Amino acid sequence: MLARRVPLGLARTGTSGSHFSGDIFLAFSTGNPDALNGRFPQGPANEQSYGHMDFIPWGRMDNFYAAVVQATEEAVLNALVANHDMIGRDCNRTPALPHDKVVAALKARRVIVS
């Protein structure tokens, strides 16, 4: 459920996405290890033969959703300003974005305030 909030963080940086944007979001579960093991217990049922799962109740998820959006936005902004000129294969050059212009554009759109 948290990975579904990533596009909201991208949208806050100004992108509207597109059919061919190529955005891929990868998420890993931090759920209880072996909670859904699918094995069939042998013998009579006892307390040890039952598993359990710990989870955050729906009513407590809003702060986590907001954190995903903010972290995604921060990652995009960091990628925009924490870059350097790169020279790749066959001497193909990709210049870094001019930081002062990036900051000015972000301020003009009220993405950052200072």
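Anything mentioned here points back to the structure above.
Let me sum up the structure you'll find in this document.

About the cut-offs
- Residues numbered from 1 in each chain as written.
- Predicted model: local features only at pLDDT ≥ 70, side-chain atom pairs only at ≥ 80, totals over all residues.
- Heavy atoms only, no water.
- Helix = DSSP H or I, 4+ residues; strand = E, 2+ residues; numbered from the N terminus.
- Rg over C-alpha atoms; globule rule 2.2 N^0.38 Å.
- Buried < 20%, exposed > 50% of the residue type's maximum accessible area, 1.4 Å probe, protein only.
- Polar contact = N/O pair within 3.5 Å; in protein donor to acceptor, adjacent residues only side chain to side chain.
- Contact = heavy atoms within 4.5 Å.

Here the focus is the overall build of the protein. Tallying secondary structure elements over the protein gives 3 helices and 2 strands in all. N-terminal to C-terminal, the α/β element order of the protein is α-α-β-β-α. Computed over its C-alpha atoms, the radius of gyration of the protein comes to 22 Å, more than 25% above the 13 Å expected for a compact globule of 114 residues. Expressed along its principal axes, the backbone C-alpha trace of the protein runs to roughly 70 × 40 × 25 Å.

When you line up the elements, Glu73 lands in helix H2 (residues 62-81). Judged by its relative accessible area of 10%, Glu73 falls in the buried class. At 3.2 Å, the side chain of Glu73 forms a polar contact with the side chain of Arg12. Glu73 has contacts with Gly9, Arg12, Thr13 and Val111, leaving out every residue within four places of it along the chain.

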